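# Residue-level structure breakdown
What follows is each chain in one-letter form.
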Amino acid sequence: MQDRHDCETDGCEHLTVKVMGQPSPHSVFTRRGEPKPGFYHMKAWQAQIQAAMKQVWNISPYEGPLMVETAFYLAPGKSAPTKDKEAYFRWCMKHVVMKPDLDNLRKAAIDALQGIVFVNDSQVISGGMAKFFIDRFEESEPYTLFHIMPVHLHWMDGGEMHTTPFVKYAPNDGYMED
């Protein structure tokens, strides 16, 4: 799923992309150089993100500041109720506060965007994040939603308001200066 929106009134442009697949938290190597359990699952998930982004972002990586919002929709565990919707949502409320940690999901997701959507992850200067379980009565697969938008920076200098030049990113169209 891709949604590209031009905001004629406020000059913004944003991109929303839905990437199918079970989100996997950031994982590192142990002291002996062996990957931790889950490392290869994280790499496979990052490859899914990169493949999806390359389909909609076929221009050079953006070089300015960005807002990236992420929402992770996880597959429920095997202990989750399958027939009683109310029991399932109670299970979700109890288990959503358990691992994987939201910040580790976010780190792995942002790392996957580097070199495709932006040059360096330090360009991500704002954005929300959330994790949920899929509604197994409505959805069959876990997924991640990305909402990406350039950020205008404003500052005062000598009593005068300044704004960064806004460079719109336009997947499939190239860069356009305002």
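Calculation notes
Residues numbered from 1 in each chain as written. Predicted model: local features only at pLDDT ≥ 70, side-chain atom pairs only at ≥ 80, totals over all residues. Heavy atoms only, no water. Helix = DSSP H or I, 4+ residues; strand = E, 2+ residues; numbered from the N terminus. Buried < 20%, exposed > 50% of the residue type's maximum accessible area, 1.4 Å probe, protein only. Contact = heavy atoms within 4.5 Å. Areas by Shrake-Rupley, 256 points an atom, 1.4 Å probe, with all protein chains shown as cover. Arc of directions from axis to C-beta. Phe/Tyr/Trp six-rings, centres within 6.5 Å; stacked < 30°, edge-to-face > 60°. Lys NZ or Arg CZ within 6 Å of the ring centre and 35° of its normal. Expected span 1.5 Å × (residues − 1).

Helix and strand counts for the protein stand at three helices and 10 strands. Secondary structure elements of the protein, listed N to C terminal, follow the sequence β-β-α-β-α-α-β-β-β-β-β-β-β. For the protein, with 178 residues in total, the buried portion stands at 40%. Relative to all contacts within the protein whose residues are 6 or more apart in sequence, the contacts with residues 24 or more apart total 72%. Carbon and sulfur atoms make up 53% of the accessible area of the protein, which amounts to about 10,300 Å² in all.

Attention now moves to helix H2 (residues 85-95). Among the residues of H2, those classed as buried are Ala-87, Tyr-88, Trp-91, Cys-92 and His-95. Projected down its long axis, H2 shows its buried positions confined to an angular sector of 145°, all on one face. Facing away from the buried side of H2, by more than 90 degrees, are the exposed residues Glu-86 and Met-93. Next to the buried residues of H2 lie strand S5 (129-133).

For the structure on display, the rule yields eight aromatic pairs. With 4.5 Å between their ring centres and 15° between their planes, Tyr-73 and Tyr-143 make a pair best called stacked. Highlighted residues: Tyr-73 in strand S3 (residues 66-74) and Tyr-143 in strand S6 (residues 143-150), separated in sequence by 70 residues. In this structure Tyr-73 comes out as buried when scored by relative accessible area, which is 18%. Members of the aromatic cluster, connected to one another through ring pairs, are Tyr-88, Phe-89, Trp-91, Phe-133 and Phe-137. The ring of Tyr-143 is capped by Lys-18, whose NZ or CZ atom sits 4.2 Å from the centre of that ring.

Attention now goes to helix H1 (residues 39-56). Under the 1.5 Å per step criterion, the end-to-end length of H1 is 26 Å for 18 residues, consistent within 8% with the ideal 26 Å. Those residues of H1 not exposed but buried are Phe-39, Met-42, Trp-45, Gln-46, Ile-49, Ala-52, Met-53 and Val-56. The buried side chains of H1 occupy one side of the element, clustering within an arc of 150° when seen end-on. When the buried face of H1 is taken as reference, the exposed residues oriented beyond 90 degrees from it are Tyr-40, Lys-54 and Gln-55.

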